[in-house]
Amino acid sequence: MKTECPHWALPLLAVQFLTRIPIPAVSSLSREAVLDGLKRAVIWFPFVGSLIGAITALTIILVEQWWPRLVAVLIALVVEARLTGAFHEDAVADFCDAVGGGNDPEHAREIMKDSRIGTYGSLALLLGVGLRVALTCLLPAATLLVGVVGAATVGRLLAVMVMASVSPVASSNTLAKDVGGRVSVRYAAWAFALASPGLLPLVWAAPFAVLTIAAASMVFITWFRRLLMMHIGGSTGDCLGFATYAGQLVVLFVLVAA
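Computed from a prediction, not measured in an experiment: that's the story for all the values here.

K.L.:
Describe the environment of Glu80, naming the residues involved and giving the relevant values.
P.N.:
With respect to the element layout, Glu80 can be found in helix α4 (residues 69-84). Here Glu80 falls in the buried class, since its relative accessible area comes to 6%. The residues contacting Glu80, other than those within four sequence positions of it, are Ile52, Thr56, Glu89 and Arg132.

K.L.:
Explain the side chain of Thr59 to me, and be specific about the residues and the numbers.
P.N.:
With respect to the secondary-structure elements, Thr59 resides in helix α3 (residues 45-63). Under the relative-accessibility criterion, Thr59 is labelled buried at 15%. Apart from residues no more than four positions distant in its own chain, Thr59 is found in contact with Ile75, Ala76 and Val79.

K.L.:
Break down the packing of aromatic side chains for me, with residues and values.
P.N.:
Scanning the entire structure with this criterion turns up 9 aromatic pairs. When the centroid spacing of 5.1 Å and the interplanar angle of 15° are considered together, the rings of Phe220 and Phe224 count as stacked. Placement of both Phe220 and Phe224 in helix α12 (residues 207-231) is noted, with a separation of 4 residues, approximately one turn of the helix. Judged by relative accessible area, which is 10%, Phe220 ranks as buried. Judged by relative accessible area, which is 0%, Phe224 ranks as buried. Among the aromatic residues, ring-to-ring pairing joins Phe95, Phe220, Trp223, Phe224 and Phe242 into one connected group.

K.L.:
Can you tell me about the nonpolar core, naming the residues and giving the values?
P.N.:
The nonpolar side chains of a soluble globular protein tend to be buried with one another. Within the largest apolar cluster, 78 residues are counted, with the highest numbers of intra-cluster contacts made by Phe95, Val162, Phe220, Phe224, Leu228, Ile232 and Phe242. The element that contributes the greatest number of residues to this core is helix α8 (residues 144-165), accounting for 12 residues. Those residues in contact with Phe224 that sit more than four places away from it in its chain are Phe95, Val162, Cys239, Phe242 and Ala243.

K.L.:
Pulling in residues and values, what's your account of unusual backbone geometry?
P.N.:
Although it is not a glycine, Ala86 sits at a positive phi angle of roughly 50°. Assignment of secondary structure puts Ala86 in the loop between α4 and α5 (87-101).

K.L.:
So what's going on with a nonpolar patch on the surface? Residues and values would help.
P.N.:
A grouping of Ile55, Leu62, Trp66, Trp67, Val71, Ile75 and Val79 is seen on the molecular surface, where their side chains present a nonpolar patch of about 690 Å² in accessible area. Here the nonpolar patch gets 3 residues from one element, more than from any other, and that element is α4. Looking at where Val71 falls in the secondary structure, it is placed in helix α4. Assessed through its relative accessible area of 31%, Val71 is described here as partly exposed.

K.L.:
Tell me about the pattern of salt bridges, and please be specific about residues and values.
P.N.:
Following the criterion strictly, the structure yields 2 salt bridges and no others. Note that Arg69 is salt-bridged to Glu64, the shortest N-O span being 2.7 Å. On the accessibility criterion, Glu64 (28% relative accessible area) is partly exposed. Across the pair Arg132 and Glu80 runs a salt bridge whose closest N-O atoms are separated by 2.8 Å.

What counts, and where the lines are drawn
Residues numbered from 1 in each chain as written. Predicted model: local features only at pLDDT ≥ 70, side-chain atom pairs only at ≥ 80, totals over all residues. Heavy atoms only, no water. Helix = DSSP H or I, 4+ residues; strand = E, 2+ residues; numbered from the N terminus. Buried < 20%, exposed > 50% of the residue type's maximum accessible area, 1.4 Å probe, protein only. Contact = heavy atoms within 4.5 Å. Phe/Tyr/Trp six-rings, centres within 6.5 Å; stacked < 30°, edge-to-face > 60°. Core = buried A, V, L, I, M, F, W, Y, C linked by side-chain atoms within 4.5 Å. Patch = residues over 30% accessible without salt bridge, like charges linked within 9 Å, V, L, I, M, F, W, Y side chains within 5 Å. Areas by Shrake-Rupley, 256 points an atom, 1.4 Å probe, with all protein chains shown as cover. Salt bridge = Lys/Arg side-chain N within 4 Å of Asp/Glu carboxyl O.

In short, the description is geometric, and any link to function would need to be established separately.
Written out as structure tokens, the structure reads:
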């Protein structure tokens, strides 16, 4: 008999999945209810991204009262990594190792499952984190808060868009298939709606930049979908994590350029 997850638990499951924050309220749910809930909790991912971005941005603003922006950004990213378990940074390394070193989709998936980080992963991680630090340091003070929050929101929203457009590979781990295997257009629309708290302030502060971000995001999704089908054969959790990190960099690039 199927056990359905109650609606009130969906945002809490999204928080628990994307962060290391313990949520006692969902500990009483059965495994079947949790797996059912995770399939529907993806609509809350952008909203949780907004909360994570707010914590990161406020940490920068607070620390910047006493230390230079560079130190504040580095401390904030350490706080964020602790909050999220460095989930997306690990995904960037694993994904780039797989795409860079895989001879075919099956070989790429084998590399992705390996917890060790190779040359491609190390370079991608250094470049990705370095770019994020540099771009965040270059953000004007007036757009720092909305920029960091907007980037975190867009990143999680792009992950949902990838779920909606690319099926998970059959050999991916069970959790990745359960989370990303049932995202319809309706779910994607809900994710857009729940992304509003993180996006609307950015739209108000930099409307023309948001149009560029939207166009760049569409180009990225189109390119990334082709890349996944050619080199991976579908999506995995690491692919979604890479999309999240790339989405953040896209937003920061556009805001700094603007």
